Structures are given as structure tokens and as C-alpha cells.
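# Results of the structural survey
Each chain is listed here by its residues.
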There are 2 protein chains.
Amino acid sequence: MPTDTLAEEAPQRRSRGRPRKTADERDDGNRRQALLRAAAHLFRRKGFAATSTRDIAAAVGMRSGSPFYHFENKEALLAAVMEEGMQRALQHQRERMDAAVAAAPDALSARECLRVLVRGHFHNLLGPESDHIPVMLYEWRWLAPQQKQVVSELMAEYEAVWVPVLQALRREGALKGDTALARLLIFGALNWTAQWYDAEGSASLDDLTEAALQLFVKDLE
Amino acid sequence: MPTDTLAEEAPQRRSRGRPRKTADERDDGNRRQALLRAAAHLFRRKGFAATSTRDIAAAVGMRSGSPFYHFENKEALLAAVMEEGMQRALQHQRERMDAAVAAAPDALSARECLRVLVRGHFHNLLGPESDHIPVMLYEWRWLAPQQKQVVSELMAEYEAVWVPVLQALRREGALKGDTALARLLIFGALNWTAQWYDAEGSASLDDLTEAALQLFVKDLE
DNA sequence: CCTACCGATCGGTAGG
DNA sequence: CCTACCGATCGGTAGG
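Residues numbered from 1 in each chain as written. Chains lettered and ligands numbered in written order. Predicted model: local features only at pLDDT ≥ 70, side-chain atom pairs only at ≥ 80, totals over all residues. Heavy atoms only, no water.

When you go through chain A residue by residue, the secondary structure sums to 11 helices and 0 strands. Each helix and strand of chain A, placed in order from N terminus to C terminus, yields the pattern α-α-α-α-α-α-α-α-α-α-α. Within chain A, the fraction of its 221 residues that count as buried is 44%. Excluding contacts between residues fewer than 6 apart, the proportion of contacts in chain A whose partners are at least 24 apart in sequence is 71%. Taken as a whole, chain A presents about 12100 Å² of accessible surface, with 49% of it coming from carbon and sulfur. (Helix = DSSP H or I, 4+ residues; strand = E, 2+ residues; numbered from the N terminus. Buried < 20%, exposed > 50% of the residue type's maximum accessible area, 1.4 Å probe, protein only. Contact = heavy atoms within 4.5 Å. Areas by Shrake-Rupley, 256 points an atom, 1.4 Å probe, with all protein chains shown as cover.)

Moving on: the relation of the copies chain B and chain A. The operation relating the two chain copies consists of a rotation about an axis and a shift along that axis. The two copies are related by a screw motion: chain B maps onto chain A through a turn of 180° and a shift of 0.0 Å along the axis, at an RMSD of 0.0 Å. Accordingly, the operation relating the two chain copies is best matched by a two-fold axis. Considering only C-alpha atoms, the residue of chain B closest to the rotation axis is Ala189 of chain B, which sits at 2.0 Å. In this assembly the copies share their binding face: 100% of the residues contributing to the interface of chain B also contribute to that of chain A. (Least-squares fit on C-alpha atoms with pLDDT ≥ 70 in both.)

The interface of chain B with chain A comprises 37 residues on the first partner and 37 residues on the second. Of the roughly 3000 Å² buried between chain B and chain A on both sides combined, carbon and sulfur atoms contribute 69%. Three residues stand out in chain B for area buried against chain A, namely Leu185, Trp192 and Leu215 of chain B, and they jointly supply 25% of the buried area on that side. For the interface between chain B and chain A, the tally reads 4 salt bridges. For Asp219 of chain B, the salt bridge is made with Lys176 of chain A, and the minimal N-O distance between the two is 3.1 Å. (Buried area = accessible area lost by both parts, 1.4 Å probe. Salt bridge = Lys/Arg side-chain N within 4 Å of Asp/Glu carboxyl O.)

Overall, the coordinates contain 22 salt bridges over all chains when judged by the stated rule. The residue Arg115 of chain A makes a salt bridge to Glu112 of chain A at a minimum N-O spacing of 3.4 Å. With a gap of 3 residues between them, Arg115 of chain A and Glu112 of chain A both fall in helix α6 (residues 110-126), about one helical turn apart. Of the charged contacts in the structure, one is a salt bridge between Arg94 of chain B and Glu157 of chain B, with a shortest N-O distance of 3.7 Å. Here Glu157 of chain B lies in helix α8 (residues 145-160) and Arg94 of chain B lies in helix α5 (residues 74-103), a separation of 63 residues in the sequence. The exposure class assigned to Glu157 of chain B is partly exposed, which follows from its relative accessible area of 40%. It is possible to trace a salt-bridge network through shared partners that takes in Glu112, Arg115 and Glu210 of chain A.

In a pair of packed helices, the angle between the axes and the distance between the axes together describe the arrangement. Residues and elements named next belong to chain A. The N-to-C vectors of helix α8 (residues 145-160) and helix α9 (residues 162-172) enclose an angle of 30°; their axes lie 5 Å apart at closest approach. Contact residues: Tyr158, Glu159 and Ala160 in α8; Trp162, Val163 and Pro164 in α9. Here the contact of α8 with α9 is built from residues that sort into 5 nonpolar, no polar and 1 charged. (Axes fitted to C-alpha atoms, helices over the stretch in contact; angles between N-to-C directions. Nonpolar A, V, L, I, M, F, W, Y, C, P; charged D, E, K, R; others polar.)

A word on the packing of aromatic side chains. Scanning the entire structure with this criterion turns up 9 aromatic pairs over all chains. The structure contains a cluster of three or more aromatic residues connected by ring pairs, namely Tyr138 and Trp192 of chain A together with Tyr138 and Trp192 of chain B. The cationic tip of Lys74 of chain A hangs over the ring face of Phe48 of chain A; the distance from NZ or CZ to the ring centre is 4.3 Å. (Phe/Tyr/Trp six-rings, centres within 6.5 Å; stacked < 30°, edge-to-face > 60°. Lys NZ or Arg CZ within 6 Å of the ring centre and 35° of its normal.)

Attention shifts here to the protein's contact with DNA strand D. Around DNA strand D, 17 residues are found, and the nearest of them are Arg54 of chain A together with Arg31, Ser66, Tyr69 and His70 of chain B. Of what DNA strand D places within 4 Å of the protein, 62% of the atoms are sugar or phosphate. Breaking the surface near DNA strand D down by element, the ones donating at least two residues are α3 (53-59) of chain A together with α4 (67-70) of chain B. Looking at the surface near DNA strand D, its residues break down into 3 nonpolar, 8 polar and 6 charged. (Near = heavy atom within 4 Å.)

Take the nonpolar core next. The tendency in soluble globular proteins is for nonpolar side chains to be buried as a group. Counting 134 residues, the largest nonpolar core has Leu114, Leu169 and Phe216 of chain A together with Leu114, Leu169 and Phe216 of chain B as the members making the most contacts within it. Discounting chain neighbours no more than four positions away, the residues touching Leu114 of chain B are Trp162, Val165, Leu166, Leu169, Leu213 and Val217 of chain B. (Core = buried A, V, L, I, M, F, W, Y, C linked by side-chain atoms within 4.5 Å.)

We now examine the UniProt feature "domain: HTH tetR-type" (unreviewed entry) in chain A. Feature annotation in UniProt assigns "domain: HTH tetR-type" (unreviewed entry) to the following positions: residues 29-89 of chain A. Regarding residues 29-89 of chain A, the helix share stands at 72% and the strand share at 0%, and the terminal C-alpha atoms are separated by 21 Å. (UniProt positions renumbered as here; feature names shortened; annotations may be inferred.)

Quick look at the UniProt feature "DNA-binding region" (unreviewed entry) in chain A now. According to UniProt, the feature "DNA-binding region" (unreviewed entry) maps to residues 52-71 of chain A in the numbering used here. A distance of 14 Å separates the end C-alpha atoms of residues 52-71 of chain A, which is 55% helix and 0% strand.

Before going further, it helps to examine the protein's contact with DNA strand C. Close to DNA strand C lie 17 residues, the nearest being Arg31, Ser66, Tyr69 and His70 of chain A together with Arg54 of chain B. The sugar-phosphate backbone supplies 60% of the atoms of DNA strand C found within 4 Å of the protein. Between DNA strand C and the protein, one listed contact pairs a phosphate oxygen with a backbone N or O atom of Thr53 of chain B at 2.8 Å. Contact distances for DNA strand C include 2.7 Å between a base nitrogen and a side-chain N or O atom of Arg54 of chain B. For the surface near DNA strand C, the secondary structure elements donating two or more residues are α4 (67-70) of chain A together with α3 (53-59) of chain B. Its residues placed into classes, the surface near DNA strand C shows 3 nonpolar, 8 polar and 6 charged. (Polar contact = N/O pair within 3.5 Å; in protein donor to acceptor, adjacent residues only side chain to side chain.)

Next up, the structure:
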């Protein structure tokens, strides 16, 4: 964009016509980011089908046609929300696991591993800036097959970390039955919290984590 | 409707104009029922917001305006789907519990009670004619406050049956931690199966029930 | 990124 | 329950 070089030739340009943007809402890639944030928020609150691209545009102070300068169409915006959400979730999962391993004097127990994963999942699902993942979970059907492919690979990567942990628990006798079914049921219990968890309520994410572990994992006595 | 008395005066009336309906799709309350079934199916497959009342009308061979002869508006149709679904689910839950109690030589154990409830819930959620409950779970947000009130009372009635069972398990030591949180997590695990369960797949509803019990309930050794 | 616009679709209604 | 219709809204585009 030639704005900078033009600025050298017309340094005294006054603000007239439509109001100037303030510094932190200028072009960059941050208009795109703003659209993604607003879309995630609205898609979560009203669902994909009931959110108009006009709603999203208005939420970031754009006119109705402008989102299509940044995204090819409404579905591409949805796919981008989900991909960004999963990338951030993967990142957060890695950081938590690495930190937990680094902090453990001996090897981390399978139970402690699961605790870290569950706690991290609640952060990804219910924490601050967490609209993206519920949108991914609940608006999945609107993706085109190719977009589903991309997102489901990220989901598979996320879930793959859980597999050896559950298998270890099963070897210990702390988990019974088929681990694949157990994993699906566990993710169900966790993901469903997005339907009822109230951040203002009495239970914290740590409380939820504790309740989940007590429910899923037999204590070894 | 005066059709019958008029028929006495014109018994020879021939079929002309638009084709006659066959016997089992005649007026009655069964056009309303047909609309409910079609609506449940489409609301589940495409979501409430993306299903047009025209889609629903076409699915039962009506014209676009006709659903509004049976239902005041689109939301009333959704509410009726949910209410019917919950009434049937409650009925089914009662029948299963009564049958299990009648069949038990001694008192039913808490664990067996939970098994019956879980198995019944899978039937309500994943069995034949089961679109209504997933619609209730996933399209909840479209209800008006007053409709939410009605449906949530039915849900409360459904869940109330589970409470003493979970409390009994907790007293036995087969369930740890807060029972209210446990109930929410358990329902999450069960309800989420609507997202991934494939009736054509390898696991039966009995398999799912077994997996759920193994996951949630500690065996008492 | 805005302006101005298009074709399509939607929920719902009057009148029969 | 159909016919004929309305006003509103929507995703998306051309042209700048």
C-alpha cells in the first residue's frame, strides 16, 4: 500500500472527509483480525446461519460489502475462525504440557497428565477469548468438505495427545473399557460445558477440572 | 368441518381438480403431526435458522403458506417439536424404569438404575424417531423465554429422576465429588453422542451404555 | 475499503 | 389448506 510514500509528498494532509482511524485500528492485518474476533463472537451467540455478514461488518465499523474485501465469502470467514481457534488451542495445549513436564521432578503420572489436558481444554473452551472453539464445535456443519478436512486434521492432532495418556490410565486400571469410546465420552462431557458453564457462577475452571477427574478416573487405592 | 354433511348431499362427487389425498394423509390432526415430523427432521439436519418454513411445507406436500394454518409461526413449530420430544422421552423413561423395577427380584441396585436410565437416554437421543431431542438440545436458543420455561420444566422433570440414583451411588462410594457437577458432566457425555454416533457403525446402544457405565461408575471391589 | 446495487429468499398474511 | 402477494433481509459484486 503506497500510503507511506505518499505521506512524504503530502506531509500536511489534514483530516477531512470521513474521520481518520485511530492508530490501533489502521489497516495492517488487524482489520482482518477484528473481523475474525467479531465473527467468532457473533457466530457463537447467534449461530452461523443467523449471523449476517452485515452484523459482522457493523461490529467492526465497516459497511456491508467490506468483509468481502478480506474474505472470499461467509464460509471462508467461518473456516478462518475455526482454524485460528484450533491453532491457538494446539499452542496452548503444547505450552501447558511442556510446562508440566518441566516442573515435574520425576516423570508425570498419567493422572496428572490428564489433569493438565483437561484443565487446558477448559481454558480453550471457556477461558477468555474462547469463542472460536465453541463455534468450531457447534457450527461444524456449515463448512465445505475441503474446509472440514483442514479443521479435522487440526482436531486430530489435538486429540492425538490424549490417546497415550488414556491408554496409560487403562493399563494402570484407572480407566476401564474401550479407550476410544472413553475418549469420545470424555470429550463430550468437557465440550458440553460450553452449553451450561457460567463464568460468573460459583464453579471455577479448576473446580470443573477436579470434578471431571473424579468422575472419569478411578483412584488407585 | 362441514365436509361430511355436505358429502351426504353430493355423494357422487368425482375426483377432479387437484388429486385426492390417500386415506392416511387426510386432514385429522395428522397433517399437524406430519409437519412436526418433517420439522424435527429438517431442524436437526440443517438447523432452525437455515430451515425455511417452505422446506417443511414441501416435505409434507403443502404450499408455502399452509404451515401457518397449523402453527402460529416458525418458533411455535420449533417449540412443539421440543415439547413433543420431551413428552415422549419422559414417557419412555417412566416405562423403562417401571419395567426394570417390576423385573427385579430384589430392589434394583443404584448401578442398575443408572444403567436403565442411560440406556433409555440413548434411545431417546439416538433411537428411531429421535430427531426431536437433538433439536431440543441444539436449537434451544431460538425459543422465546416463555417457551423456554415450558420446555425447561419438562427437562427438569426428566433429570429429577437421575438425582437420587446419583446420590445413592455417591453414598456407596461408586461416584466421587459433587453430584450436581457429575450429573452435568454425565449428561454432557451422553448428549454429545448425538454429534458422533453412527447408527450404521460398529457400536450398538448397548455398547455405548456399557462404556458409559464403566467410565462413570467405580466398581465396588 | 465504500457506494450503490442486484437477484434470491424468507416469514408471514389476506382472502377465499 | 391454496393463491397471490408484501416488505424485509441477505450474500455478494462492480467500479471506484
